[in-house]
Amino acid sequence: MASRLVEIASTAFLASFLLLTATSAEAALRVVASFPDVADMTRQIGGDRVSVETLAQGNQDPHLVPVKPSFVTKLNRADALVVSGLGLEHSFLPPLLEVAANPKITPTGPAYIDASVYIEPLEVPTSQNRSQGELHPLGNPHFNLDPVRGKLMAKAIADGLTRVDPAGASSYQAGLARFTALLDRKIAEWEKLAAPLRGVKAVSYHRDLVYLADRFGIELVGTIETKPGVPATPGHLEELVDTMKREQVKLVIREVAYEMPLAQTVADRTGARVATISTVAGGLPGTKSYVESIEANLKALLGAVQAASPG
């Protein structure tokens, strides 16, 4: 009898051990993403193999993300961290990583996934003179607004997930192929949709639209901010209004994280129209995914351009 009980106990223990091992093997990779863009890409690529939490929200200024204690907990438990890169997270992520004490997701760790690794940055500063405003030493980090560069982001994320979870390599490559095919279809549509934007002169609030302008042919004439990260001064606004009148600029692009009244004032004084877009996915109503955000931005720009040029 005693031997039978031992046998049953041993069998139960072995079954429990095997179940626990199987469950652990099948558990989703816990991924923390800095912004909704890279979070959505990670979900699209990773599928059921990943569980993704996002730190920043789409309607927030990516340079001024409010830090929450819950961020530390998420980072401490993360199996991987996905960042947009080129220093976009510099204002909030480094101190969080220090407190979270999770060495594998630090910039030198194996589970730190940088979506910018295949990007050739624009506007890399030749000096770090702070009199020029808030500079990004690695270049302008808002490449996510160009969906062609978005494909490079997706490739970097797939490569990173494969590095962290080699057993899922085939799944990640299949997810990347599906997402890339989706972007290819949408890019073809967007190029036709955005054709009226080519050659359109515009001003933006912050200097964050260079990749968007590069892709769709918008000519950026200036910014409402005096310099990157430096609020507008009366003198700067007068110069901007004069420039807009002289250059016949009819489009003011207001990023959703920045105030509308000042953008509207500039537009009213120059006969321009305001288009509200989001520099991060999910910032506009009705948008959650990266693809939805790109499309909503283009439609907002087109709506303002068409309103400024009736008929």
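Since we're looking at a predicted model, the values are computed, not measured.

**Student:** I'd like a rundown of the pairing of strand β8 (residues 273-277), residues and numbers included.
**Tutor:** Across five bridges, strand β7 (residues 251-255) lies against β8 in parallel orientation. The residue bridging Ile253 from the neighbouring strand is Ala275, located in β8.

**Student:** With reference to specific residues and values, describe the sheet that holds β7.
**Tutor:** One open sheet accounts for four strands, arranged β6-β5-β7-β8; its pairing is parallel. The open sheet has two edge strands, β6 (219-223) and β8, and neither has a second partner. Strand after strand, the sheet turns through a mean of 30° between neighbouring axes, direction not considered. By the bridge criterion, four bridges tie strand β5 (residues 201-204) to β6 in an arrangement that is parallel. Residue pairing for β6: Ala202 is matched across the bridge by Leu220. Where helix α9 (residues 260-270) meets the sheet, its contacts fall on β7 and β8, and the angle it forms with β8 comes to roughly 150°.

**Student:** Describe the side chain of Ser204, with residues and values.
**Tutor:** Inspection of the secondary structure puts Ser204 in strand β5. A residue is classified by how much of its surface remains accessible, and Ser204, at 2% relative accessible area, is buried. A polar side-chain atom of Ser204 sits 2.7 Å from the main-chain carbonyl oxygen of His206. Non-local contacts of Ser204, meaning those with residues more than four positions away in its chain, are made with Leu209, Gly222, Thr223, Ile224, Ile253 and Glu255.

**Student:** How would you summarise the packing of aromatic side chains if you had to cite specific residues and measurements?
**Tutor:** Per the stated rule, a full pass over the model turns up three aromatic pairs. Centre to centre, the rings of Phe35 and Phe92 are 5.9 Å apart; their planes meet at 85°, and the pair counts as edge-to-face. Here Phe35 is found in the loop between β1 (29-33) and α2 (36-46), whereas its partner Phe92 is found in the loop between β3 (80-83) and α4 (93-100), with 57 residues between them in sequence. Among the residues examined, Phe35 registers a relative accessible area of 2% and is labelled buried. The class of Phe92 is buried, set by a relative accessible area of 0%. Arranged with centres 4.8 Å apart and planes meeting at 5°, the rings of Tyr205 and Tyr258 form a pair that is stacked. Taken together, the residues Tyr205 in the loop between β5 and α7 (210-216) and Tyr258 in the loop between β7 and α9 connect sequence positions 53 residues apart. Neither residue differs from the other here; Tyr205 and Tyr258 are each classed as buried.

**Student:** Account for the packing of helix α5 (residues 147-164) against helix α6 (residues 169-193), with residues named and values stated.
**Tutor:** α6 packs onto α5 with a crossing angle of 175° between their chain directions and a minimal axis gap of 10 Å. One finds that α5 runs roughly antiparallel with respect to α6. Side by side, α5 and α6 meet where Pro147, Val148, Gly150, Lys151, Ala154, Lys155, Ala158, Asp159, Leu161 and Thr162 of the first sit next to Ala169, Tyr172, Gln173, Leu176, Phe179, Thr180, Leu183, Asp184, Ile187 and Trp190 of the second. Residues of the contact of α5 with α6, tallied by class, amount to twelve nonpolar, four polar and four charged.

**Student:** Residues and numbers for the environment of Val164, please.
**Tutor:** Along the chain, the position of Val164 falls in helix α5. For Val164, a relative accessible area of 23% corresponds to the partly exposed category. Taking the C-alpha atoms as reference points, Val164 and Leu29, 135 residues apart in sequence, are found 9.0 Å from one another. Residues in contact with Val164, not counting those within four places in the same chain, are Leu29, Asp79, Ala80, Pro110, Ala111 and Ile113.

**Student:** Any chance you could break down the packing of α2 against α6 for me, citing the residues and the numbers?
**Tutor:** Angle between the axes and distance between the axes: these two values describe a pair of packed helices. Viewed as axis vectors pointing N to C, α2 and α6 meet at an angle of 120°, and their least axial separation amounts to 7 Å. Counted together, Met41, Gln44, Ile45 and Gly46 of α2 and Ser171, Tyr172, Gly175, Leu176, Arg178 and Phe179 of α6 form the full contact between these two elements. Within the contact of α2 with α6, the residues separate by chemical class into five nonpolar, four polar and one charged.

**Student:** Before we move on, can you summarise α9 with the specific residues and values?
**Tutor:** For α9, the full list of buried residues reads Leu262, Ala263, Val266, Ala267 and Thr270. Relative to the axis of α9, the buried residues are bounded by an arc of 135° and lie together on one face. When the buried face of α9 is taken as reference, the exposed residues oriented beyond 90 degrees from it are Pro261 and Asp268. As for α9, its buried residues are in contact with α8 (234-247), β7 and β8.

**Student:** Break down the sheet that holds strand β4 (residues 112-114) for me, with residues and values.
**Tutor:** The strand order β2-β1-β3-β4 describes an open sheet built from four strands, whose pairing is parallel. Two strands in the sheet have a free side with no partner beyond their single neighbour: β2 (50-54) and β4. In this sheet, neighbouring strand axes are inclined to one another by 25° on average, regardless of whether the strands run parallel or antiparallel. The pairing of β3 with β4 spans three bridges and is classified as parallel.

Quick notes on the rules
- Residues numbered from 1 in each chain as written.
- Predicted model: local features only at pLDDT ≥ 70, side-chain atom pairs only at ≥ 80, totals over all residues.
- Heavy atoms only, no water.
- Pairing = 2+ DSSP bridges.
- Helix = DSSP H or I, 4+ residues; strand = E, 2+ residues; numbered from the N terminus.
- Axes fitted to C-alpha atoms, helices over the stretch in contact; angles between N-to-C directions.
- Contact = heavy atoms within 4.5 Å.
- Buried < 20%, exposed > 50% of the residue type's maximum accessible area, 1.4 Å probe, protein only.
- Polar contact = N/O pair within 3.5 Å; in protein donor to acceptor, adjacent residues only side chain to side chain.
- Phe/Tyr/Trp six-rings, centres within 6.5 Å; stacked < 30°, edge-to-face > 60°.
- Parallel < 35°, antiparallel > 145°, perpendicular 65-115°, else oblique.
- Nonpolar A, V, L, I, M, F, W, Y, C, P; charged D, E, K, R; others polar.
- Arc of directions from axis to C-beta.

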